[in-house]
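Below, each chain spelled out in residue letters.
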Amino acid sequence: MTTTAVSREAGLVRSTATVTRRALLRYVRTPQLIVLATLQMALFFLIYRYMFGGAIHVAGMSYVDYLVPGFVATGVLFIGIGTATAMADDVGDGFVDRLRSLPIPRSSVLAARVTADTAILAFSTAVTVAIAYAVGFRLHGSALDGLAAFGLVVLFGFAFEWAFITMGLFAGNAQAAQGMGMIVFPFALISSAYVPVSSMPDWLQVFAEQQPLTYMVDAVRSLTLGPDAQALLGHPASYFVTRALLWTLAIVALFLPVAVAKYRRG
Amino acid sequence: MQPTIEAHGLEKHYGKTKALDGLDLIAERGQVVAVLGPNGAGKTTFVRTVATLLRADAGTLRVAGHDARTEPAAVRRVIGLAGQFAAVEPAMTGHENLEMVARLFGQTRREAKANAAAVLEQLGLTDAAGRLARTYSGGMRRRLDLGASLVGAPLLLLLDEPTTGLDPRSRIELWSAIRGLVDAGTDVLLTTQYLDEADHLASHIVIVDHGRAVAAGTPAELKRRIGGDVVEVHVRHGADLADVAQLLGRLDHGAAEVDEPTRRVSVRVASGSSGLMAAVQSVKEAGVEVEDIAMRQPNLDEVFLALT
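Model, not experiment: these values are computed from the prediction.

Caption draft 1: How the structure looks around the interface of chain A and chain B. Tallying the contact residues gives 27 residues for chain A and 34 residues for chain B. Secondary-structure elements contributing two or more residues to the side of chain A that touches chain B are helix H1 (12-28) and helix H4 (95-100) of chain A. Top contributing element to the side of chain A that touches chain B by residue count: H1 of chain A, with five residues. Grouping the constituent residues of the side of chain A that touches chain B by class yields eight nonpolar, 10 polar and nine charged.

Rendered as C-alpha cells:
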C-alpha cells in the first residue's frame with residue numbers, strides 16, 4: 001500500500017460540497033437528462049400556451065401572462081420527481097451505504113442532495129422562463145419583483161425537495177419513487193396554476209383554494225403581473241407571499257425531520 | 001494484539017425473523033476471514049453491522065478495539081466497505097470517484113489525487129482512470145468499487161459478496177486484486193456463498209447459518225471435517241445409476257448421493273486424486289458408459305450436510 005492517509009475528519013461543509021459536486025457532475029454529464037427534461041418542459045408549455053390557451057380565457061390579460069407564473073411555480077414539483085428517483089437510486093445501488101460507512105457527518109448526504117437539486121431546479125426554472133419569454137410572456141412588475149418571484153419559486157422548490165427526498169428514501173428504487181411522484185399531478189392541476197379556480201366545480205374549488213400551490217402560484221403571479229395583479233387576484237402581493245412562505249415553512253418542518261429520521265435509521 | 005473484529009452473541013431481529021441469532025466471530029489481526037453461508041444466513045446483516053450501517057439488538061461488537069454501538073465514528077475511520085453493488089458514480093471518471101472518497105476521508109486535495117492514482121495502479125485501472133465509470137465493464141466497476149473502499153487506507157476491508165454476478169474471468173481478476181491487498185497487509189472480512197472463493201482468499205472461514213456461526217477454522221481444517229473432495233460420475237443411461245452408486249459407495253466413507261434428473265452420482269472422498277482414479281477404475285471394470293467423471297470441491301449443500 002502506498003496510501004498515506006492521515007486521520008483528519010472531513011467536516012460538514014467539505015463533505016457536503018464533495019457530495020454535491022458529484023450530484024451536479026452527474027446532471028451535467030448526462031445530457032439526456034437535461035435535454036429530455038427541457039424538451040418535455042417546453043412541450044408541455046407550448047401545449048398549454050397554444051392548444052389549451054385558445055380555450056381558456058382569463059379576464060383582463062393574455063393567457064400566457066397568466067399561465068407562466070403557474071407553470072413555473074408548479075414546475076418545481078415535476079422537477080422534484082427527479083430528486084425522488086435520484087435519492088432512491090442512491091439508496092438502491094449502495095451509494096448511500098458507502099457514504100454512511102465513511103467518517104463524515106451523516107447530515108452531509110441529505111444536505112448535498114438538497115443543495116445540488118436546488119441548483120438544478122434554479123437552472124431548469126431559468127430555462128423555462130427563457131422559453132416563456134420567447135413565446136410572448138412579459139414581466140409587468142418591476143425587475144426586482146421579477147427577481148423576487150424567481151427566488152420564491154426556488155425557495156418553494158427547496159421546500160418540496162424535502163418531500164421528494166422523503167419519498168425517495170422510502171421508495172428504495174427509482175421505479176417506485178417515480179410512481180410515488182405521480183402524486184404531484186393532482187396537486188399541480190387542481191390549483192390556480194393553469195386555469196382560474198373560479199372555473200372549477202364548487203367541491204374542487206374548496207381544495208384548490210386552500211392548497212399550498214395555489215398560494216405559491218398566486219404569490220409569483222402577483223409579483224410578475226404588476227399593477228394588474230390585484231384586480232385579478234383580489235389581494236395585494238404581500239397577502240399571497242406571506243401565506244406561501246408559511247406553507248413553505250410548514251412543508252420543510254413536516255418533511256425534513258421525517259427524511260432525516262428515515263435516513264438515520266437506514 | 002486485539003482482534004480486528006470481536007463479535008459476541010450478536011442479535012438482530014426484523015420482526016419475527018432473526019437475521020443474527022447469537023453470532024460469535026473473532027477475526028485476528030492479519031487474517032482474511034471469509035463468512036460463508038447460503039442466502040439469508042445473516043452474512044450481509046453481519047457485514048452491515050460491522051460497517052455501522054446497522055445496530056445490533058443485543059450482543060457486543062468491537063472493531064479494531066472500538067465498540068460499534070458507542071463509537072461508530074471511530075469504527076468508520078478504520079473500515080472500507082464494498083457492498084453487493086458497485087457503488088461508484090457512473091458519471092465520474094475512475095480517478096474522480098476515488099478522489100471523491102479520499103476527500104471524504106479528510107485527505108487534502110493533493111493526498112487524495114496521489115492516493116487515487118496509487119490505488120488505480122494497484123488495481124490495474126490506470127489506463128481507464130480518465131474514463132467515465134459508466135463505460136467500464138462489470139468487473140472493472142467492481143474493482144473500482146474495491147478501490148473506493150481502499151483509498152482511505154483502512155485497517156479492515158469489508159467485502160460483501162464481492163464477486164456475485166461477475167463472469168468467471170472478472171471473478172478471477174477480482175480475486176487476484178483482493179489477494180494483492182492481502183499481501184500488502186490489509187485485513188479483510190468477506191462474505192461469500194462459494195466454498196472455492198473462501199478457499200482461494202481466506203485464511204480463516206466462518207460458516208454461518210440461520211444467524212449463527214456453525215463452524216470455524218482454516219480452510220484445511222474445515223475440509224478435513226467435511227471430508228475432502230467430491231468425485232462425481234455422470235452416467236449415460238439412467239438405468240446404471242443404482243449400480244454406480246453402489247460402486248462409488250465402496251470407495252470411501254459415506255454413501256453416494258444420486259441425482260436422477262441429471263444422471264449424476266457423487267461421493268465424498270478423503271483424497272480427490274486417488275478417489276478419482278479409483279472411481280474411473282471401478283466404473284470401467286463394470287462396463288458402465290459415462291458422459292463425464294470429475295473431482296470437485298464440495299458445494300455449500302454438501303458442506304452443510306457434513307457440518308450440521
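Caption draft 2: Here's a closer look at unusual backbone geometry. Residues and elements named next belong to chain B. In this structure, Glu161 takes a positive phi of about 45 degrees despite not being glycine. Structurally, Glu161 is set in the loop between strand E7 (156-160) and helix H6 (168-183). The phi torsion at His210 lies on the positive side, around 45 degrees, for a residue other than glycine. Note on His210: 17 C-beta atoms within 10 Å, which makes it partly exposed.

Caption draft 3: Here's a closer look at the pairing of strand E8 (residues 187-192) of chain B. Residues and elements named next belong to chain B. Across the six residues of E8, six count as buried, placing the element largely inside the fold. Both faces of E8 are covered, namely the face carrying Asp187, Leu189 and Thr191 and the face carrying Val188, Leu190 and Thr192. By the bridge criterion, five bridges tie E7 to E8 in an arrangement that is parallel. If you follow Leu159 over to E8, its bridge partner there is Leu190.

Caption draft 4: A look at the confidence of the model for chain B. Looking at chain B, the pLDDT average stands at 87 and 98% of residues meet or exceed 70. As scored by the predictor, the complex reaches a pTM of 0.84 and an ipTM of 0.87.

Rules behind the numbers
Sequence order sets the numbering: in each chain, residues are counted from 1 along the sequence as written. Here every chain gets a letter starting at A, and every ligand a number starting at 1, in the order they are written. Whole-chain, interface and lining totals are the exception, using all residues; otherwise, since this is a predicted model, local features are given only for residues with pLDDT of at least 70 and side-chain atom pairs are given and counted only at 80 or more. By the convention adopted here, residues make contact when the C-beta atoms placed from their backbones lie within 7 Å. Runs of E in the DSSP output that reach at least two residues are strands. Runs of H or I that reach at least four are helices, and both are numbered from the N terminus. Polar here means any residue outside two lists: the nonpolar Ala, Val, Leu, Ile, Met, Phe, Trp, Tyr, Cys and Pro, and the charged Asp, Glu, Lys and Arg; Gly therefore counts as polar. Counting other C-beta atoms within 10 Å of each residue's C-beta, where C-beta atoms are placed from the backbone, gives the exposure class: buried for 20 or more, exposed for 12 or fewer, partly exposed between. Any two strands with at least two DSSP bridges between them are considered paired. A residue's pLDDT is the predictor's confidence in that residue, given on a scale from 0 to 100.

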